[in-house]
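# Coordinates in review
Each chain, letter by letter, is given below.
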Amino acid sequence: MSGSNVAPTPTKRHTRLEDALAVLIGTLIIALGVSLFSQAGLLTGSTAGIAFLLSYTTSLNFGEAFFLINIPFYLIAIRHIGWEFTLKTFASVFCLSFFSDVTPRLVSFASVQPVYAAVIGGFLMGVGFLMLFRHDASLGGINILSRFLADKYGWSIGKFQMLVDLIILSSSLFIVDMSLVAISVIGSVALNMIIAVNHKPGRYLGNVSI
């Protein structure tokens, strides 16, 4: 029989323990990337970037803005993606919020070159996001919208998020120093490059049941 007629063998679904470990490890990795960005005074994109901009321009703090932004996206997740994904996303958001607060107390950098922080921090966050995506989870907000568009229309998650991040970072030109915004763009490209290269709809079969 020709090899071209052989269908790929689907793999078993991830276990609950595997999902929990992916959420734990993925958010720990993202938190380290966030710490690098923060140490260098860089900005982030996605929902966190929007929350930062709102905290700079309104009376809301980051936590309040992040929570409010996520509400409509959770409704999208429940309706179009499912409760399992939504609950994993809730857990991921909670873990990242906690680890982002704890990590600076455990790791500090005496000196961080901003471009290095942008590239390495972006790669770290991209790897963390990839782990969450492959275990049917996200960090809410834009991540939920990008997952929905990828599942329904086949859009590239990495390319869509890169576009959104560039819009957010462009908007921040009115608030922060232009040089930091320019370096933050490098970080955004590094982050989304990891996702665009490694997350292709239909290629990863880790969540396919048999």
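Notes on the structure follow. (Residues numbered from 1 in each chain as written. Predicted model: local features only at pLDDT ≥ 70, side-chain atom pairs only at ≥ 80, totals over all residues. Heavy atoms only, no water.)

### What to know about the pattern of salt bridges
Selection criterion: Between Lys or Arg on one side and Asp or Glu on the other, a salt bridge is scored when a side-chain nitrogen of the former is within 4 Å of a carboxyl oxygen of the latter. Numbering goes from the N terminus for both helices and strands, where a helix is a DSSP run of H or I of at least four residues and a strand is a run of E of at least two.
In this structure the tally under the stated criterion is three salt bridges. A salt bridge links Arg16 to Glu84, with the nearest nitrogen and oxygen atoms 3.3 Å apart. With Arg16 in helix H1 (residues 16-40) and Glu84 in helix H4 (residues 83-106), the pair connects residues that are 68 residues apart, well separated along the chain. Where Lys88 meets Asp19, a salt bridge forms, and the shortest distance between an N and an O atom there is 2.9 Å. Separated by 69 residues along the polypeptide, Lys88 in helix H4 and Asp19 in helix H1 bring together distant segments of the chain.

### Observations concerning the packing of H1 against helix H5 (residues 114-134)
Counted only if it meets this: Axes here refer to lines fitted to C-alpha atoms; in helices the fit is confined to the stretch in contact. Angles between the N-to-C directions go from 0 to 180 degrees. Here is the rule for angles: anything less than 35 degrees is roughly parallel, anything more than 145 is roughly antiparallel, 65 through 115 is roughly perpendicular, and the remaining ranges are oblique. It is the rotation of the near helix from the far one that decides the hand of a crossing: anticlockwise by less than a right angle makes it left-handed, clockwise makes it right-handed. Residues were grouped as follows: Ala, Val, Leu, Ile, Met, Phe, Trp, Tyr, Cys and Pro as nonpolar; Asp, Glu, Lys and Arg as charged; and all remaining residues, including Gly, as polar.
Where H1 contacts H5, the axes come no closer than 8 Å and their chain directions differ by 160°. One finds that H1 runs roughly antiparallel with respect to H5. Here the hand of the crossing between H1 and H5 comes out left-handed. Considered class by class, the residues forming the contact of H1 with H5 number 20 nonpolar, six polar and no charged.

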